[in-house]
Amino acid sequence: MTGPTSERAVVLASGGLDSTVTAAVARRDGYALHLLTIAYRQRHAVEVERSRQVATALGAHQHVVIDVDLRALGGSALTGDISVPKHRTESERNREVPVTYVPGRNLIFLSLAAAHAEVLGASVIYFGANVIDYSGYPDCRPEFIQAVEAALQAGTKAGMQGKGIEIRAPLLRMTKAEIIKLGLTLNVPFHLTHSCYDPIGPIACGQCDSCLIRKRGFAEAGVVDPIQYEVC
Ligand SMILES: [Zn+2]
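If you're wondering where the values come from, they're calculated on a predicted model, not measured in any experiment. Along every chain, residues carry numbers that run from 1 in the direction the sequence is written. Local features in this predicted model are restricted to residues whose pLDDT is 70 or higher, and side-chain atom pairs enter the listing and the counts only when it is 80 or higher, whereas totals over whole chains, interfaces and linings include all residues. Calculation of side-chain values draws on the structure's entire complement of heavy atoms; hydrogens and water are dropped beforehand.

Student: Can you explain the packing of aromatic side chains? Please cite residues and give values.
Tutor: When two rings of Phe, Tyr or Trp (its six-membered ring) have centres within 6.5 Å they constitute a pair, described as stacked for plane angles under 30 degrees, edge-to-face for angles over 60, and tilted for the intermediate range. If you walk through the whole model with that rule in mind, you get 3 aromatic pairs. Between Tyr-31 and Tyr-126, the aromatic rings sit 5.9 Å apart at their centres with planes inclined by 65 degrees, giving edge-to-face as the arrangement. Of the two residues, Tyr-31 is situated in the loop between helix H1 (17-28) and strand E2 (32-39) and Tyr-126 in strand E4 (residues 124-126); the sequence distance between them amounts to 95 residues. When the ring of Phe-190 is compared with that of Phe-218, the centres are 5.5 Å apart and the planes differ by 80 degrees; the resulting orientation is edge-to-face. Of this pair, Phe-190 sits in the loop between helix H7 (176-185) and helix H8 (209-221) while Phe-218 sits in helix H8, and the two are 28 residues apart along the sequence. Considered together, Phe-190 and Phe-218 belong to a single accessibility category, that of buried residues. Only lysine NZ and arginine CZ atoms are considered, and such an atom sits over a ring when it is within 6 Å of the ring centre and within 35 degrees of the ring normal. Cation over ring: Lys-215 sits above Tyr-229, and NZ or CZ is 5.2 Å from the ring centre. Per the convention used, a helix needs a DSSP run of H or I reaching at least four residues, while a strand needs a run of E reaching at least two, with both numbered from the N terminus. Only protein chains enter the accessibility calculation, which uses a 1.4 Å probe. A residue is then buried if its area is under 20% of the maximum for its type, exposed if over 50%, and partly exposed in between.

Printed below as a string of structure tokens:
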């Protein structure tokens, strides 16, 4: 899984913890980083600003931010008027597809990443999907990723020319603690990453699913989370 430094990889970078570790993995694998952030009018838009800081910290070759207004469609706690759930237990989180699921989001993101990759001549997309801590999200599952790869093979010029576009999800089956430990070995700037679904300004709420999973991950990894929480 190594590539010469002249080879380009598109990395879907949200400014969150998982995508930042994923970008660091792509850098370790020897790729020139082309970070792509989608500003979808999410509730936690502070992560777009963090993605810019992450791109600088990781020495990205390029960082592109594309605006896509998913709030116009709604249907999610992250883009609509639905409240972000707080203080949920692990079994409550895993019971059903959470209201923080954004309809079509990762399909849209991967489509844009593939378009970007085609233009750049990149054959690899790095994607920070994970099925362990977010098992309720259908668009993080391996069968979804494989299906998108097949669609790209069939529906892109790169695919027609036999080059294809590979989607790598190196964190897919890792726990949050394992992801954090990997990030530490790759000098990930965790202090810049943002995970909260419902921040108060730039401060993480400490109570939403994403905050709870992040806090537990740092605790299990035995390291201090450098970000600030409204409720610890
Ligand atoms: Zn939160």
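Student: I'd like to hear about the coordination of the zinc ion, residue by residue, with values.
Tutor: Surrounding the zinc ion are the protein donor atoms Cys-196 (SG), Cys-205 (SG), Cys-208 (SG) and Cys-211 (SG), at 2.3 Å. Distances define the donors: N, O and S atoms within 2.8 Å of the metal qualify, as do those within 3.2 Å of Na, K or Ca. Water is excluded, so some sites may look unfinished. Labels for metal geometry use angle windows, namely 85 to 135 degrees for all angles of a four-donor tetrahedral site, and for square planar (four donors) or octahedral (six donors) sites opposite donors over 155 degrees apart plus all others within 65 to 115; sites meeting none of these are irregular. Considering all 4 donor atoms around the zinc ion, the spread of angles at the metal, 102 to 119 degrees, places the coordination shape in the tetrahedral class. Positions of the donor residues of the zinc ion along the chain correspond to the pattern C-x8-C-x2-C-x2-C. The class of Cys-196 is buried, set by a relative accessible area of 1%. Judged by relative accessible area, Cys-205 falls into the buried class, the value being 1%.

Student: So, unusual backbone geometry: which residues are in play, and what are the values?
Tutor: Backbone geometry places Arg-41, a non-glycine residue, at a positive phi of 65 degrees. Mapped onto the secondary structure, Arg-41 falls in the loop between E2 and helix H2 (46-57). You will see that Asn-187, though not glycine, has its phi angle at about 55 degrees, which is positive. Examined against the element boundaries, Asn-187 turns out to sit in the loop between H7 and H8.

Student: How would you sum up the environment of Phe-127? Please name residues and give values.
Tutor: Considering the arrangement of structural elements, one finds Phe-127 in the loop between E4 and helix H5 (142-155). In the structure, Phe-127 is positioned 18 residues away from Ile-145 in sequence and 9.4 Å away in space, judged by C-alpha atoms.

Student: Explain the pattern of salt bridges to me, and be specific about the residues and the numbers.
Tutor: Take a side-chain nitrogen of Lys or Arg and a carboxyl oxygen of Asp or Glu: if they are within 4 Å of each other, that pair is a salt bridge. Overall, the coordinates contain 12 salt bridges when judged by the stated rule. Among the salt bridges present, the one from Glu-143 reaches Arg-141, with a minimum N-O distance of 3.6 Å. Look at Glu-143 and you get partly exposed, because its relative accessible area is 44%. Ionic pairing is found between Arg-214 and Asp-225, a salt bridge with its closest N-O pair at 2.9 Å. Of this pair, Arg-214 sits in helix H8 while Asp-225 sits in the segment after H8; the two residues are 11 residues apart in sequence, bridging distant segments of the chain. Several salt bridges converge on common partners, so that one network encompasses Arg-43, Lys-86 and Asp-198.

Student: How would you sum up the sheet that holds E4? Please name residues and give values.
Tutor: When DSSP finds two or more bridges between two strands, those strands count as paired. Taken together, 5 strands build an open sheet; the order of strands is E3-E2-E1-E4-E5 and the sheet is parallel. The open sheet has two edge strands with one neighbour each: strand E3 (62-67) and strand E5 (166-168). Neighbour-to-neighbour, the strand axes of this sheet turn through a mean angle of 25 degrees, independent of strand direction. As defined by bridge partners, E4 adjoins E5 across 3 bridges and the pair is classed as parallel. In the strand pairing of E5, Ile-125 is matched with Ile-167. By definition, residues are in contact when any of their heavy atoms lie within 4.5 Å. Simply put, an axis is a line fit to the C-alpha atoms, just over the touching stretch for a helix, and the angle between two N-to-C directions goes from 0 to 180 degrees. Those strands touched by H2 are E2 and E3, and its axis lies near 165 degrees from that of E3.

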